[in-house]
Amino acid sequence: MSETYDEEQQGSPPPRPRSRSRALVITGAVLVVAFFALTAFASFYTERLWFGSVGYTSVFTTVLWTRVGMFAVFGLLMALVVCVNVVIAFRTRPLFVSMPDQNGLDRYREAVNPIRRWLVLAVGAVLLVFAGTSGAGQWRTFMLWRNGGEFGYDDEHFGRDAGFFVFDLPWLHYLVDFAMATFVVALLAAALTHYLYGGIRLQVPSERLTGAAQAQLSVLLGLFVLAKAGDYYLDRFDLATDAGGLITGITYTDANAVLPAKNILIGISVICAVLFFLNVWRRTWTLPSVGIALLALSAVLLGIIWPGIVQQFQVNPSEADREEEYIQANIDATRTAYDLEDVQTTEYQSTATADAGNFSQVDGQVTSVPLIDPRLVRDTFEQTQQGRAYYSVAPVLDVDRYEIDGVDRALVLGVRELDQSGIPAGDRNWSNLHTTYTHGNGLIAAFANQRTATNAPVAASEDNDGGIVWAEGNQAGQDTLSNLGDEGYESRIYFGEQSPDYSVVGKADADDADVELGLANDSETDQRTTYDGDGGVDIGNTFDQLMFAVKYGEPNFLLSGRVNENSKVLYDRNPSERVQKVAPWLTIDSDAYPALIDGRVQWIVDGYTTTDRFPGAEKESFATMIDDSLQDNVGLQPIPTDEINYMRNAVKATVDAYDGTVTLYEWDTEDPILRAWEGAFPGTVQPYDSISEELMEHLRYPEDLFKVQRYQFARYHVTEANDWYQGNDRWEVPEDPNSASTSLQPPYRLFANQDGSTTSEGEWSLTSVFVPFERNNLASFMSVDSDATSDTYGQLSVLELQDQTTPGPGLIANEFAQDEGVRDALLPYSQGTSDPIFGNLLTLPVEDGLIYIEPVYAVRSASSSGYPILQFVLVSYGDEVGVGRSLTDALQVALGVDDTELPDPVDPGGNGGNGGNGGGNGGGEDLTVDQQIAQLLDQAQEAFDAADAALAEQDLAEYQAQNQEAQDLISQAITLAQSRPGGVGGSDSSDGSDGGDTAGDEPSADASASPSESASPTS
């Protein structure tokens, strides 16, 4: 049996090769490669279509061919150098190796020999990819070097123009670094080849290298050391931009220890290179080895130890004297780099006194103060003006100014953008998300100072939306901005900060039904529209539809009937990102803001040119300098490092909210970096003269630039080196007293007199304050003329306080919190269903002193339907605090104009504060005031619950009605609480008769100088 079994086994056919499995593996690999290739091609192709749709194809092609060219040049150069050295090492190998096999190298040679050509090509291909990718990544550096010019500012130590450091030095560094990397890789590759084929024999006692190996390695080592000498030479100039412990730039130690050391190392490196080159003929490694050892030892002794000795024993004992000239150079360079040379500093003495005789003058200067906090009223804007749950506004609203009835008015405004998270979950299919819900609709704007379009005070009865006077909304009469143009404006918003990732628009035939959902002017009905703008990428043919199907992984581009021959796809719709794509050399401001210009909503985006190579200027993190309590991002930055030491607002850009048109305008015409990029991308930036008059009215001084300047000016307002070193007059931006974190106080836009005069309401300005370092009293008030139409646009002004007793924002916030009148006014909110919220604490120079103004909002706690309502205004002037329902009321209290500390409010709901109507159901005369208050709050809670239910059912009309009724009831309750005997804290009459009468009393004649404002929560 065993023999038979063996015969059967021996006679069985050999197993078949797994040809089917191999074919499947090959097919799978091909499919994977094809998939990635198709995906890459689709991304490339659609990107090119996008640039063509916005008219910036030249940017795409210029960057593309520059990167391709640099990829090819640097990739091929490194691959060629390395491969040539490998071939030379192979061809100069010894033909006979008269030695035993070393470490089994024979079998490695036998394995390599059949494929050595392919192996060399593979190594070259890998190096081509890595070196080429590195080179392609340096396209910005190359373009700046090729197109850069001069700054007209010479470095203090080397006497070279700043353009050398910004434009030339980075490119020269890359070339030298690339050369050193190439020689090192070639050296390793050649050494490995020589070792494999016997040119290097480590086991023999002598003649370990053949003559050919020694010559080749000596040349490569000599070239590397020579390149290192060039690197030492360039490193000398880097000292002008190196950040040290004291300053950025050259210090005493650098000038007297580091620079001489660099010069010595250059000489030693050149000598070492010569020794290596001589080693080609001398056939000894003794001298080159001594040279390398000397270079390494010198690098340690001269480059590290000697500068440390100089710093410790010469500089530190008398640092102020040693570093004086270098600190002065740093001060001058920093003020130049951040454009702080021409700041107008005025000595200022705050002598404000709370005198009733000053009321008229002070009141006339604060009528334009913005009380609407753009940080807090987002919910108010959404709840009362969004129209539908799928619309939203930005988390922090924008502030702009418009000329209305011949008067410049500050407005808080936002764009009603599409928010697809508000669409019911069951309706979020592809057709709805990408073809129906495609755009937002219109602007929402409120008068920042809570006055009407005619700038008249607002009576309490006119307050119906959380203390806001609307300039543009979706209700009748809220059309101030619409009336500025002859025919209104295009309200559809297809491009915005919250737009969807992509939308497919356009219909096959003009007679087909419109499918895009919009918002009618009355906000109660929907309208259907079709996008007919020029923007967007045409996808009318099958190939383009296939490319976008691959790009987004969405087969509906090919299958949906809503994608037709007239379709376009809108994508990359964020204004800042669009500007960044067409101008990849700009640093983009973190706040794009909307403006109504020539009948179109335009997003205005500020673009900066920045560098970290300006010689001698202080270097700091961009994110750190612009950080404050409102900052939620740090803009879009093209530079590889967050640190900068030069900044200019070189470009103003606009993005049309309807068709996405991107236009770049030259702004800082003297900026050398802008000129360099204009040379690299000719025709992409429009000249300054092409800015229209209407656009110019809405251009403003950008916030990120101002924040960077104020950050640096806090220390560099000191212009004498000794004073700067002592740091006894160092300032800092105060922390936001109303922020839960330790974030800095943001700057505010308002009308202010930059020189502290009281001749008018002032210029449209961006303002901030400083406090002494780690102290809380006020040091200065800083502002910049933000009006682009003004001859003094961009003029930075500082009012420097001469006394040390003026309180800063933190101390003022503490005064407000401790003031008895403020506590009494806020008591009902602290104990009720509403939480008080403190708004922006504004500082303004008026009438021989500084005034602090802060709005106080209240919002219903623990409710998704509540929104902030402005209830009080706090004022601090002349060491006195006032609180009132309006700014005028608060100012009267602070100046002692009125004996009544808190004027009785007029019921904003219009249905009475008297006993008969106080309860809202006609039973007030039988109830005590406390009972009426409790009843009103119960009814308000029921209305809020009904509003929540309506919101859940997407019934926004009912939601708004119930929400408004609840707010009116709360206002009535507050009115009763404040009008009973003893005020807010007083006790009610036991029988209710007194309380009812008191609740029904009209405000006394002397309650306010302006009856129409006396109790208004909005005036």
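Now for a quick tour of the structure. (Residues numbered from 1 in each chain as written. Predicted model: local features only at pLDDT ≥ 70, side-chain atom pairs only at ≥ 80, totals over all residues. Heavy atoms only, no water.)

## Digging into the pattern of salt bridges
Inference 1: Scanning the entire structure with this criterion turns up 21 salt bridges.
Inference 2: Across the salt bridge formed by R492 and E490, the nearest N and O atoms sit 3.0 Å from each other.
Inference 3: With a relative accessible area of 21%, E490 lands in the partly exposed category.
Inference 4: Bridged by salt links that share partners, the residues E47, D572 and K581 form one connected network. (Salt bridge = Lys/Arg side-chain N within 4 Å of Asp/Glu carboxyl O. Buried < 20%, exposed > 50% of the residue type's maximum accessible area, 1.4 Å probe, protein only.)

## Digging into the packing of aromatic side chains
Inference 1: Enumeration according to the criterion identifies 53 aromatic pairs in this entry.
Inference 2: Taken together, the ring pairs connect F74, F142, W145, W171, Y174 and F178 into an aromatic cluster.
Inference 3: The ring centre of Y232 lies 4.8 Å from the NZ or CZ of K228, which sits over that ring.
Inference 4: Over the ring of F495 we find R573; its NZ or CZ atom is 6.0 Å from the centre of that ring. (Phe/Tyr/Trp six-rings, centres within 6.5 Å; stacked < 30°, edge-to-face > 60°. Lys NZ or Arg CZ within 6 Å of the ring centre and 35° of its normal.)

## Details of the sheet that holds strand β14 (residues 568-571)
Inference 1: As summarised here, the arrangement of the 3 strands in space is β10-β14-β13, forming an open sheet in which the pairing is antiparallel. Bordering the open sheet on either side are β10 (502-505) and β13 (537-538), each of which pairs with just one other strand.
Inference 2: Bridge count for β10 against β14 is 4 bridges, and the pairing is antiparallel. The partner of V505 across the bridge, within β14, is K568. (Pairing = 2+ DSSP bridges. Helix = DSSP H or I, 4+ residues; strand = E, 2+ residues; numbered from the N terminus.)

## What about the pairing of strand β31 (residues 869-877)?
Inference 1: Of all 9 residues that make up β31, 9 are buried, and the element is covered over most of its length.
Inference 2: Relative to β31, strand β30 (residues 849-860) runs antiparallel, the two being bridged by 8 bridges. For V856, the partnering residue across the bridge sits in β31 and is F872.
Inference 3: In this antiparallel pair of consecutive strands, β31 and strand β32 (residues 880-884), the connection spans 2 residues, and G878 shows a positive phi of 60°.

## Some points on the sheet that holds strand β3 (residues 398-404)
Inference 1: Here we have 4 strands laid out as an open sheet, ordered β3-β4-β7-β8, and antiparallel in their pairing. Two strands close off the open sheet at either side, each with one partner strand: β3 and β8 (470-472). Within the sheet, the average angular offset between the axes of one strand and its neighbour, ignoring direction, is 40°.
Inference 2: As paired elements, β3 and strand β4 (residues 407-415) share 7 bridges and run antiparallel to each other. By the bridge assignment for β4, Y402 is matched with R409. (Axes fitted to C-alpha atoms, helices over the stretch in contact; angles between N-to-C directions.)

## Some remarks on a nonpolar patch on the surface
Inference 1: Side chains of L297, V300, L301, I304, I305, W306, I309 and F313 sit close together on the surface and give an oily, nonpolar patch of about 770 Å² of accessible area.
Inference 2: With respect to the helices and strands, the residue L301 is situated in helix α10 (residues 286-315). (Patch = residues over 30% accessible without salt bridge, like charges linked within 9 Å, V, L, I, M, F, W, Y side chains within 5 Å. Areas by Shrake-Rupley, 256 points an atom, 1.4 Å probe, with all protein chains shown as cover.)

## Quick word on the packing of helix α3 (residues 57-91) against helix α7 (residues 162-196)
Inference 1: Closest axis-to-axis distance for the α3/α7 pair is 8 Å, and the angle between their directions is 30°. In terms of axis orientation, α3 runs roughly parallel to α7. Taken as a pair, α3 and α7 cross one another with a handedness that is right-handed. Side by side, α3 and α7 meet where M70, F74, L77, M78, V81, V82, N85, V86, A89 and F90 of the first sit next to W171, Y174, L175, F178, A181, T182, V185, A186, A189, A190, T193 and H194 of the second.
Inference 2: Grouping the constituent residues of the contact of α3 with α7 by class yields 18 nonpolar, 4 polar and no charged. (Parallel < 35°, antiparallel > 145°, perpendicular 65-115°, else oblique. Left-handed = near helix turned anticlockwise from the far one by under 90°. Contact = heavy atoms within 4.5 Å. Nonpolar A, V, L, I, M, F, W, Y, C, P; charged D, E, K, R; others polar.)

## Structural notes on the side chain of E417
Inference 1: Looking at where E417 falls in the secondary structure, it is placed in strand β5 (residues 417-418).
Inference 2: Despite its burial, E417 pairs with no opposite charge; the closest candidate is R573, at 8.2 Å N-O.
Inference 3: Excluding its chain neighbours within four sequence positions, the residues that come into contact with E417 are Y390, Y391, S392, G440, G496, E497, Q498, S499 and W603. (Lys, Arg positive; Asp, Glu negative; His and termini not counted.)

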